[in-house]
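Observations on the three-dimensional arrangement
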Amino acid sequence: MDKITEQKAMQIQRKDAAEEDTIDLRELFFVLLNGWKAIFLAMLIGAAAFGAYHHFMIKPSYQADAKIYIINTDSVITFSDLQLSAALTEDYTNIIKSRTVLKRVIDELQLNLNFTQLGELVKVENPESTHIIHILVTCDDFELSRNIANALMNISVDQIYQIIGSGEPSVIDYAEAEAIEDVTPSLKKYMAMGGLLGAFVVCAFLVIRMLMNTTLKTEEDIDKYLHMPVLTAVPYYREK
């Protein structure tokens, strides 16, 4: 009998522990619903804060692009030429962003940058299954982005020919003013991020406060957590 009683007691304890670890989704819903004013206010504050940050701290960004074809088109292209160009694509990319090329661009344009800073403005892409190299330059100056892209392409073509020696790459597109894109993050995007972040912070605070609150408020709480019957209740009366 003692063993059976102990087993039942352990089962009850496990059941109680499981109930304590279970989050009442209905209660959680009403907690968030009751706090909708705080959530809405946090969304407004977050959106306003991120909007102000975008207006005062984010500089405009412009992106210019130039394109080169990585095999020479002056002669008949054979299948071996295509295979060779595909194998050298990564080499072409590394040459374009090499210190030598970047320093030559700095000297040619008289830039007040070092090669590391210039390299952060440059991105080189090779679309899949193509022999085309995209040179992308992003900075906060409209004209400068175009000038850097064109200078980088011209110097890279010469440098690639000197190093690889299998034919000078052909220019597809120079960077032009009409093709420069404004890639500044939009104000709406920042405000949406701020609103969502504000709402998330308040929701997290309400949930944590609910989980940390162990006070008993209703007769149902006494039955749920203490498993004790309520013998009597005294109504709360507030004097006017």
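Cut-off values and rules
- Residue positions within a chain follow its written sequence, with the count starting from 1.
- A pLDDT threshold of at least 70 governs which residues receive local features in this predicted model, and a stricter bar of 80 or more applies before side-chain atom pairs are shown or counted, although totals over entire chains, interfaces and linings include all residues.
- Hydrogen atoms and water are omitted, and side-chain values are computed over all heavy atoms in the structure.
- Whether two aromatic rings pair depends on their centres lying within 6.5 Å, for rings of Phe, Tyr and Trp, where Trp uses its six-membered ring; planes under 30 degrees apart make the pair stacked, over 60 edge-to-face, and the rest tilted.
- Categorising residues by exposure relies on relative accessible area from a 1.4 Å probe, with only protein chains included: less than 20% of the type maximum marks a residue as buried, more than 50% marks it as exposed, and the intermediate range marks it as partly exposed.
- Strand pairing is defined by DSSP finding a minimum of two bridges between the two strands.
- Runs of H or I in DSSP of at least four residues are treated as helices and runs of E of at least two as strands, each being numbered from the N terminus.
- In the sections that follow, a salt bridge refers to a side-chain nitrogen of Lys or Arg positioned within 4 Å of a carboxyl oxygen of Asp or Glu.
- Note on definitions: angles span 0 to 180 degrees between N-to-C directions of axes, and those axes are lines fitted to C-alpha atoms, for helices only across the stretch in contact.
- We call two directions roughly parallel when the angle between them is under 35 degrees, roughly antiparallel when it is over 145, roughly perpendicular when it lies between 65 and 115, and oblique otherwise.
- The sense of a crossing depends on the near helix, which, turned anticlockwise from the far helix by less than a right angle, makes the crossing left-handed and, turned clockwise, makes it right-handed.
- Contact definition: two residues touch when any of their heavy atoms are within 4.5 Å.
- Charged means Asp, Glu, Lys or Arg here, nonpolar means Ala, Val, Leu, Ile, Met, Phe, Trp, Tyr, Cys or Pro, and polar covers whatever is left, Gly included.
- Among buried residues, the Ala, Val, Leu, Ile, Met, Phe, Trp, Tyr and Cys ones that are joined through side-chain atoms within 4.5 Å form a nonpolar core.

Here the structure, examined in full by the defined rule, presents three aromatic pairs. Arranged with centres 5.4 Å apart and planes meeting at 75 degrees, the rings of Phe29 and Phe30 form a pair that is edge-to-face. Judged by relative accessible area, Phe30 falls into the partly exposed class, the value being 34%.

Moving on to the pairing of strand 1 (residues 62–69). Here strand 1 runs beside strand 3 (residues 132–139); their pairing, made up of eight bridges, is antiparallel. From the neighbouring strand, Tyr69 faces strand 3, where its bridge partner is Ile132. In this structure, strand 1 lies alongside strand 4 (residues 170–173), joined through three bridges in antiparallel fashion. Paired with Ile68 across the strands is Val171, a residue of strand 4.

Going through the model one piece at a time under the given rule, you end up with three salt bridges. A salt bridge links Glu125 to Lys123; its shortest N-O distance comes to 3.2 Å. Here Lys123 falls in the partly exposed class, since its relative accessible area comes to 47%. Put simply, Glu143 and Arg146 hold a salt bridge, and the shortest N to O gap is 2.4 Å. Residue Glu143 and its partner Arg146 are located together in helix 8 (residues 142–164), separated by three residues, close to a single helical turn. Judged by relative accessible area, which is 23%, Arg146 ranks as partly exposed.

With their axes 9 Å apart at the nearest point, helix 6 (residues 99–109) and helix 8 run at an angle of 130 degrees to one another. Compared by their axis directions, helix 6 and helix 8 come out oblique. The chirality of how helix 6 crosses helix 8 is right-handed. Residues Thr100, Val101, Leu102, Arg104, Val105, Glu108 and Leu109 of helix 6 pack against Asn147, Ile148, Ala151, Leu152, Ile155, Ser156, Asp158 and Gln159 of helix 8. Along the lines of polarity and charge, the residues of the contact of helix 6 with helix 8 split into eight nonpolar, four polar and three charged.

Grouped burial of nonpolar side chains is what soluble globular proteins tend to show. Ile68, Ile96, Val105, Leu118, Ile133 and Leu152 are the most contacted members of the largest nonpolar core, which has 28 residues in total. Looking at this core, the elements that each hand over two or more residues are strand 1, helix 5 (89–96), helix 6, strand 2 (122–125), strand 3 and helix 8. Top element by residues in this core is helix 8. It accounts for eight residues. Excluding residues within four positions of it along the chain, Ile68 makes contact with Ile96, His131, Ile132, Ile133, Met153, Val157, Ile160, Pro169, Ser170, Val171 and Ile172. Ile39, Ala42, Ala199 and Leu206 belong to the second largest nonpolar core, which has five residues in total.

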